[in-house]
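# Fold and geometry: a report
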Number of protein chains: 2
Amino acid sequence: MIVKDISLNKIVQGIESVDEKWTEKARERTAQLVMPARALGRLHDISERLCGIQQTLEPSIDRKATLVMAGDHGVVEEGISAFPREVTGAMVQTFLKGGAGINAIARHAGAEVWVVDMGIIPELDQDLLEGGDRFLVRKVARGTDNLAKGPAMTRSDAEKSVLTGFELASELFMKGVDILGTGDMGIGNTTPSAAIGAVITGNTVEMMVGRGTGVDDEGLLRKQDAVRQGIHVNRPERGDGLDVLSKTGGFEIGGIAGCVLAGAYHKRPVVIDGYISTAGALIAYAICPAVVDYLFAGHCSEEPGHRVMLKHLGLDPILDLGMRLGEGTGGALAMGIMEGALKVFKEVLTFEEANVSGSK
Amino acid sequence: MIVKDISLNKIVQGIESVDEKWTEKARERTAQLVMPARALGRLHDISERLCGIQQTLEPSIDRKATLVMAGDHGVVEEGISAFPREVTGAMVQTFLKGGAGINAIARHAGAEVWVVDMGIIPELDQDLLEGGDRFLVRKVARGTDNLAKGPAMTRSDAEKSVLTGFELASELFMKGVDILGTGDMGIGNTTPSAAIGAVITGNTVEMMVGRGTGVDDEGLLRKQDAVRQGIHVNRPERGDGLDVLSKTGGFEIGGIAGCVLAGAYHKRPVVIDGYISTAGALIAYAICPAVVDYLFAGHCSEEPGHRVMLKHLGLDPILDLGMRLGEGTGGALAMGIMEGALKVFKEVLTFEEANVSGSK
């Protein structure tokens, strides 16, 4: 299966909707489990979707990975973030030390963590970093341009970021990863995500812009202004995912869109995380709507626009715990629930096996 | 620590509210973690509550157990359940074979499953059963009486069921169990639970009665009638937990109330499951309101009255996945989230350790 030097067109042509045949078969098995009809609610939906995606009644998500995509954002100069931009690179180093939220949650979920420099400003040498074997440098550029003043990147860099994400996710799938979580790191990246959300879902800037890592009231107004200006100046084309991505950014969001496309292309489940990952999924969805068949929403973020984005994708979040960290934390935490759902599907006896009479 | 032949009064006298000192210290540590302030939302609340309960900044829920309490219900003769009463005993046998929903989810969560015959109709010989070493026969009686016609049990049997639950949970805690989930099995037991909910929360019978395992419209009306009649005939005393329990039943609900009291008495966290477990928690709460400090709500059930019960206890459910199986499934699944929360609390570096600058 070719995953290098493949064009976006070829990728889209290679993506098929999930064949409902296996989902149907899975529903039949669920109906036989020794419990009232569909008594474990969404756990059944999850296991049946996994059967459909993997085309089997013995689905497995044993090998799990989270790809954390990092990038810097020119729009930070508009004063839209509570944290200085240096934090992007510092957090990448923290991921490699195993000391961040995603590391703790991924260890708990039994998921590998891979970190990608999609376009951060500092040059981190992967050979010198602790845990560097899981650090991949694929810098598209050293940070995006300021979306409030013009396009965040060229169309060609937008395509490159998507194809890079596709290639890296594809490599993980070909190494045997069964399920991929997407994660992000990039100071300022709720701003491009809000712009993407406003353009693609058609909702207002006010509804889409939240406080991110915690800006104050004035910062919130600056953030709304930046998004409004960015849309006004750049006029992104709603139906053209690459155009929206190039106008708003960022490189890590493009990388996430590539991961989402890769899941659908290789018929593997992808669990998106919060606001930024979902912005990436919106870009992928604009490029190829069939990707949603392979997507799970790990959680619903505290960022108010997130629910609207998920609704646009028709995804119901698995968790709703007031989280808003990103890094892939919500997706990795949800993998545990998905694995529980699969164990129910595969290990619970049928009424017949258990010799229990059904409902009257 | 005496746990046999202890009176309910002594138990209540032995329960203290959680000392906020450790919760406060835990909040200070959370504030230093290398992430925006409280960016993992409810995960922080969970880890901090566990610090408070265990009075440490190194809390652990490594050893987990679920106690599944089983009992039969006289009110089944009113035609209030979609399943025949024989299913109670048959499901107990399924638990012991390891083939039910709770077994699959508990294996996933790394929790032991203990099954207790609190008062089912059949006599299952524990020595003859596969997995019988985790089957405990503590029959209070062979099923309750029909609550629609009079008290489900005597006050003395109500007390006995609570003390039995207390004793068994205490034994598990003394064996080193760090966290206990409560589970239930008993065909018909959403009916007494609805009665308990209506009496203790003061809500209407219509609001509290749901479809349980799946009764049809006529069954739902019969169920409402049974609860209404039960309350009318028995006049349970809202403020007297044992009175409410004796009037409505059942033995497994009393056992669960005992588990909840045991958690608070031994200062260990207890995760309640769905509708029936929460009815047990309401009984324990009526006996001793301080128990809520030690309680976690694993999930919110599809049973419509459940949210109202949780609100009465001031508990926010961890999961909300449309589950309505009982058996302890929601509580056991939530333990995984709680463990993830603890790993974040204990493993994530501080800003200082990670050498990352804080917010501006």
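Treat the numbers as computed from the prediction; the structure is a model and nothing was measured. Positions within a chain are numbered from 1, following the residues in the order the chain's sequence is written. Whichever chain is written first becomes A and whichever ligand is written first becomes 1, with later ones labelled in order. Confidence filtering applies because this is a predicted model: local features only for residues at pLDDT of at least 70, side-chain atom pairs given and counted only at 80 or more, and all residues used for totals across whole chains, interfaces and linings. Each side-chain value is derived from all of the structure's non-hydrogen atoms; neither hydrogens nor water enter the calculation.

This part covers the pairing of strand 4 (residues 179-185) of chain A. Residues and elements named next belong to chain A. In this scheme, a residue with accessible area under 20% of its type's maximum is buried, one over 50% is exposed, and one in between is partly exposed, where area comes from a 1.4 Å probe on protein chains only. In this description a helix means any DSSP run of H or I spanning at least four residues, a strand means any run of E spanning at least two, and both kinds are numbered starting from the N terminus. The element strand 4 is largely enclosed, with a buried count of 7 among its 7 residues. Side chains of strand 4 alternate between two faces, with Ile-179, Gly-181, Gly-183 and Met-185 and Leu-180, Thr-182 and Asp-184 buried alike. Should DSSP find at least two bridges between two strands, the strands are regarded as paired. In this structure, strand 1 (residues 64-71) lies alongside strand 4, joined through 7 bridges in parallel fashion. Residue pairing for strand 4: Leu-67 is matched across the bridge by Thr-182. The pairing of strand 4 with strand 5 (residues 270-272) spans 2 bridges and is parallel. Within strand 5, the residue paired with Leu-180 across the bridge is Val-270.

Here the focus is the packing of aromatic side chains. The aromatic pairing rule takes the rings of Phe, Tyr and Trp, using the six-membered ring of Trp, and pairs them if the centres are within 6.5 Å, calling planes under 30 degrees apart stacked, those over 60 edge-to-face and the rest tilted. Tallied over the entire structure, the rule returns 4 aromatic pairs over all chains. Summarising the aromatic geometry, the rings of B:Phe166 and B:Tyr265 are spaced 5.2 Å apart at their centres and angled 80° between planes, so their arrangement reads as edge-to-face. A residue pair is termed long-range when its members are at least 10 positions apart, and B:Phe166 in helix 6 (residues 155-174) and B:Tyr265 in helix 11 (residues 251-266) qualify at 99 residues. Residue classification places B:Phe166 among the buried residues on the basis of a relative accessible area of 0%. For the cation-ring pair, A:Arg49 lies above A:Phe296, with the distance from its terminal atom to the ring centre recorded as 4.2 Å. Either the NZ atom of lysine or the CZ atom of arginine qualifies as a charge over a ring when it sits within 6 Å of the ring centre and within 35 degrees of the ring normal.

All names here are of chain A. Spatial ordering of the open sheet is given by 3-2-1-4-5-6, a layout of 6 strands whose pairing is parallel. Sheet topology places strand 3 (135-137) and strand 6 (295-297) at the edges, where each strand pairs with a single neighbour. If you compare each strand with its neighbour and ignore which way they point, the axes differ by 25° on average. Relative to strand 3, strand 2 (residues 111-119) runs parallel, the two sharing 3 bridges. Across the sheet, Val-115 pairs through a bridge with Phe-135, a residue of strand 3. The contact rule is simple, with two residues in contact once any of their heavy atoms fall within 4.5 Å. Helix axes are fitted to C-alpha atoms over the stretch in contact, other axes to C-alpha atoms as well, and angles between N-to-C directions run from 0 to 180 degrees. In the packing of helix 5 (residues 101-109) onto the sheet, the strands contacted are strand 1 and strand 2, and the crossing angle to strand 2 comes to about 145°.

The next point concerns the interface of chain A and chain B. Listed by partner, the interface residues are 54 residues for chain A and 55 residues for chain B. Using a 1.4 Å probe, buried area is obtained as the accessible area two parts lose upon being combined, added over both of them. Summing the contributions of chain A and of chain B, the shared interface buries around 4400 Å²; its carbon and sulfur component is 67%. Just to be clear on terms, a salt bridge is a Lys or Arg side-chain nitrogen sitting within 4 Å of an Asp or Glu carboxyl oxygen. Across the pair A:Glu347 and B:Arg107 runs a salt bridge, and its minimum N-O distance is 2.9 Å. Any N or O atom pair separated by 3.5 Å or less is treated as a polar contact, with the protein-specific requirement of one donor-capable and one acceptor-capable atom, and with residues adjacent in sequence counted only for side-chain atom pairs. Where chain A packs against chain B, one counts 19 residue pairs in polar contact (both at pLDDT 80 or more). Counting only elements with at least two residues in the side of chain A that touches chain B, the list comes to helix 3 (42-54), helix 4 (86-97), helix 5, helix 14 (329-347) and helix 15 (351-354) of chain A. If you tally residues by element for the side of chain A that touches chain B, the top one is helix 14 of chain A, at 9 residues. Any residue outside Ala, Val, Leu, Ile, Met, Phe, Trp, Tyr, Cys, Pro, Asp, Glu, Lys and Arg is labelled polar, Gly included; the first ten of those are nonpolar and the last four are charged. Among the residues forming the side of chain A that touches chain B, the class breakdown is 29 nonpolar, 15 polar and 10 charged.

So, on to the environment of B:Leu147. Residues and elements named next belong to chain B. As for its placement among the helices and strands, Leu-147 is situated in the loop between strand 3 (135-137) and helix 6. Given the relative accessible area of 1%, Leu-147 is considered buried. Sequence separation between Leu-147 and Gly-249 is 102 residues, and the spatial gap between their C-alpha atoms is 7.4 Å. Ignoring any residue separated from it by four or fewer positions in sequence, one finds Leu-147 in contact with Val-75, Ala-152, Thr-191, Pro-192, Ala-226, Gly-230, Asn-234, Lys-247 and Thr-248.

All right, on to the state of the cysteines then. Residue and element names in this part refer to chain A. Here, two cysteine sulfur atoms that lie within 2.5 Å of each other are counted as a disulfide. Throughout the structure, instances matching the rule amount to 0 disulfides over all chains. Not engaged in a disulfide, the cysteine Cys-259 finds its nearest cysteine sulfur in Cys-288; these two sulfurs lie 15 Å apart. The class for Cys-259 is buried, based on a relative accessible area of 0%.

All names here are of chain A. Considering the arrangement of structural elements, one finds Asn-234 in helix 9 (residues 217-234). At 2.9 Å, the side chain of Asn-234 forms a polar contact with the backbone oxygen of Gly-230. Apart from the residues within four sequence positions on either side, Asn-234 is in contact with Leu-147, Gly-150, Pro-151 and Lys-247.

Here we come to the pattern of salt bridges. All names here are of chain A. In the structure shown here, the tally under the stated rule is 40 salt bridges over all chains. Note that Asp-45 and Arg-38 form a salt bridge whose closest N and O atoms lie 3.0 Å from each other. Given the relative accessible area of 34%, Asp-45 is considered partly exposed. The exposure class of Arg-38 is partly exposed, given its relative accessible area of 31%. Beyond isolated ion pairs, a larger network of salt bridges with shared partners links Glu-20, Glu-24, Arg-27, Arg-38, Asp-45 and Glu-48.

Residues and elements named next belong to chain B. Relative to the elements of secondary structure, Ile-200 occurs in helix 7 (residues 190-201). Put simply, Ile-200 and Leu-282 are 82 residues apart on the chain and 7.1 Å apart in space, counted from C-alpha to C-alpha. What Ile-200 contacts, discounting residues up to four positions off in sequence, is Arg-238, Val-244, Leu-282, Ile-283, Ala-286 and His-312.

Moving on, we get to the relation of the copies chain A and chain B. Note on the identical chains: chain A maps onto chain B by a rotation of 180° and an axial translation of 0.0 Å, with an RMSD of 0.0 Å. What the superposition gives is, in effect, a two-fold axis relating one chain to the other. Of all interface residues in chain A, 100% are interface residues in chain B too; the two copies therefore contact each other through one and the same surface. Copy-to-copy superposition: least squares on the C-alpha atoms, limited to residues that have pLDDT of at least 70 in both copies.

So, about the sheet that holds strand 6 (residues 295-297) of chain B. All names here are of chain B. Spatially, 3-2-1-4-5-6 is the arrangement adopted by the 6 strands of the open sheet, whose pairing is parallel. With one partner strand each, in any of the chains shown, strand 3 and strand 6 form the two edges of the open sheet. Sheet twist, expressed as the average angle between the axes of neighbouring strands with direction ignored, equals 25°. Two strands pair when backbone bridges link them, and strand 5 (residues 270-272) and strand 6 are joined in this way by 3 bridges, in the parallel orientation. Within strand 6, the residue paired with Ile-272 across the bridge is Ala-297. Docked against the sheet, helix 4 (residues 86-97) engages strand 1 (64-71), strand 2 (111-119), strand 3 and strand 4 (179-185), running at close to 145° with respect to strand 4.

Residue and element names in this part refer to chain A. Where helix 7 (residues 190-201) contacts helix 13 (residues 306-313), the two axes come as close as 10 Å, and the packing angle between them is 45°. By the criterion of interaxial angle, the relationship of helix 7 to helix 13 is oblique. Where helix 7 crosses over helix 13, the handedness of that crossing is left-handed. In this structure, helix 7 uses Ser-193, Gly-197, Ile-200 and Thr-201 to contact helix 13, whose residues at the interface are Val-308, Met-309 and His-312. For the contact of helix 7 with helix 13, the residue count by class is 3 nonpolar, 4 polar and no charged. Angle categories are assigned with fixed cut-offs, so that under 35 degrees is roughly parallel, over 145 is roughly antiparallel, 65 to 115 is roughly perpendicular, and the rest are oblique. Take the far helix as the reference: if the near one is turned anticlockwise from it by less than a right angle, the crossing is left-handed, and if turned clockwise, right-handed.

The next point concerns helix 14 (residues 329-347) of chain B. The length a helix should cover is 1.5 Å for every residue beyond the first. For helix 14 of chain B, spanning 19 residues, the distance from its first C-alpha to its last is 28 Å, which sits close to the expected 27 Å at 1.5 Å a residue. Counting buried positions along helix 14 of chain B yields 15 of 19 residues, so the element is predominantly enclosed.

With that settled, the discussion passes to the side chain of A:Asn146. The residue A:Asn146 is located in the loop between strand 3 and helix 6 (155-174) in this model. Of note is the side chain of A:Asn146, whose polar atom sits 2.6 Å from the side chain of A:Glu78.

Another aspect to go through is the confidence of the model for chain A. In this model, chain A carries an average pLDDT of 96, and 99% of its residues clear a pLDDT of 70 or more. For this predicted complex, the interface score ipTM comes out at 0.97, while the overall pTM is 0.97. A residue's pLDDT is the confidence the predictor assigns to it, expressed on a 0 to 100 scale.

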